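The chain contents come next:
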Amino acid sequence: MMIRLALSLLMVFIAMTGIARADITVFAAASLKGALDEAAAKWSAETGVHVRLSFAGSSALARQIIQGAPADVFISASPDWMDVVEGEGMLMANTRQDLVSNQIVLVAHGEASAVELSSNTDLAQMLGDGRLAMALVDAVPAGIYGKAALTSLGLWPSVAGKVAQTDNVRATLALVAWGETPLGIVYATDAAAEDDVSNIATFPSASHPPIVYPAAQIAGARDGAAAFLEFLASDTGVAIFKARGFMVAK
């Protein structure tokens, strides 16, 4: 009786610890949601390893990792926030890689005609009494890239007081999709994923730093983290990203 009970408890322990080793947690920029949802589902179906995905602004995720949040993989929308995590000694050595790249675009609510973005664009007039939705311009990568682009084009001073800031780029997209703001700045991949907005202009690539998504394992990452990153960089993973509008990082 006691032996049978002990064996039963041992089997439960092995099962529980096996699940713990198998599961991995990925902290990823909000703009990656659609692609990573699909990639994680496909990889899990093939390997039996469950992937927990946590999406937010890269700045918030980086701070959570530094404070000890149990992440195995971090995928940032900005090299700068990956640098911060790396500077704290939180990355597993030699696992950092540039995964994909993106563009930032100006979107409008509903159906709208394309415009040309230049120093002559009267963005403030286009907004009227409305606001320009952007992710946090001093913290979240999409907002930082957007502010840099507007500054480069000489448009920032005219709209700085009209910006409605959000915690992440998907929240920015939602404001425009719901008609809460007439215009917003998001990634091209976000615009393509939302039927209730129109991509009316792409910001010149020279107007902002390159938009690159670095990925890395966190120090002490559980089994499966390395294999998942390898899958994302494989032909199958790249195809998933490309189908969502991402580009391979140079």
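Above this text you will find the structure in question.
Residues numbered from 1 in each chain as written. Predicted model: local features only at pLDDT ≥ 70, side-chain atom pairs only at ≥ 80, totals over all residues. Heavy atoms only, no water.

**Considerations on the overall build of the chain**
Helix and strand counts for the chain stand at eleven helices and eleven strands. Dimensions of the chain, computed from the C-alpha atoms along their principal axes, are close to 80 × 35 × 30 Å. Residues counted as buried form 47% of the 250 residues belonging to the chain. Restricting to contacts in the chain with at least 6 residues of sequence separation, those with at least 24 account for 78%. Only carbon and sulfur atoms are counted for the fraction: they give 55% of the accessible area of the chain, which is about 11,900 Å². (Helix = DSSP H or I, 4+ residues; strand = E, 2+ residues; numbered from the N terminus. Buried < 20%, exposed > 50% of the residue type's maximum accessible area, 1.4 Å probe, protein only. Contact = heavy atoms within 4.5 Å. Areas by Shrake-Rupley, 256 points an atom, 1.4 Å probe, with all protein chains shown as cover.)

**Thoughts on the sheet that holds strand β6 (residues 132-135)**
With mixed pairing, the five strands of this open sheet are ordered in space as β7-β6-β8-β5-β9. Where the open sheet ends on each side, the last strands, each with one partner, are β7 (163-166) and β9 (197-202). Averaged over all adjacent pairs, the angle separating strand axes in this sheet is 35°, with direction ignored. Examined bridge by bridge, strand β5 (residues 104-109) and β9 share five bridges and lie antiparallel to one another. The partner of V107 across the bridge, within β9, is N199. Set on the sheet, helix α6 (residues 141-152) makes contact with β5, β6 and β8 (183-187); between it and β6 the angle comes to about 125°. Against the sheet, helix α8 (residues 169-177) touches β5, β6, β7, β8 and β9, its axis set at about 145° to β8. (Pairing = 2+ DSSP bridges. Axes fitted to C-alpha atoms, helices over the stretch in contact; angles between N-to-C directions.)

**With respect to the environment of M92**
Within the secondary structure layout, M92 lies in the loop between α4 (79-87) and β4 (97-101). On the basis of relative accessible area, M92 is assigned to the partly exposed category, the value being 29%. Between the alpha carbons of M92 and D72 there is a distance of 9.6 Å; along the sequence they are 20 residues apart. When residues no more than four places from it in sequence are discounted, the contact partners of M92 are Q217, I218, A219, G220 and A221.

**What to know about the pattern of salt bridges**
Where charged atoms of side chains with opposite charge meet at close range, the side chains can pair. Under the criterion given, the structure shown has nine salt bridges. Between R96 and D83 there is a salt bridge; the shortest N-O distance is 2.8 Å. Of this pair, R96 sits in the loop between α4 and β4 while D83 is found in helix α4, placing the two residues 13 residues apart along the sequence. Assessed through its relative accessible area of 39%, D83 is described here as partly exposed. Residue R170 is joined to D190 by a salt bridge in which the shortest nitrogen-to-oxygen separation is 2.6 Å. (Salt bridge = Lys/Arg side-chain N within 4 Å of Asp/Glu carboxyl O.)

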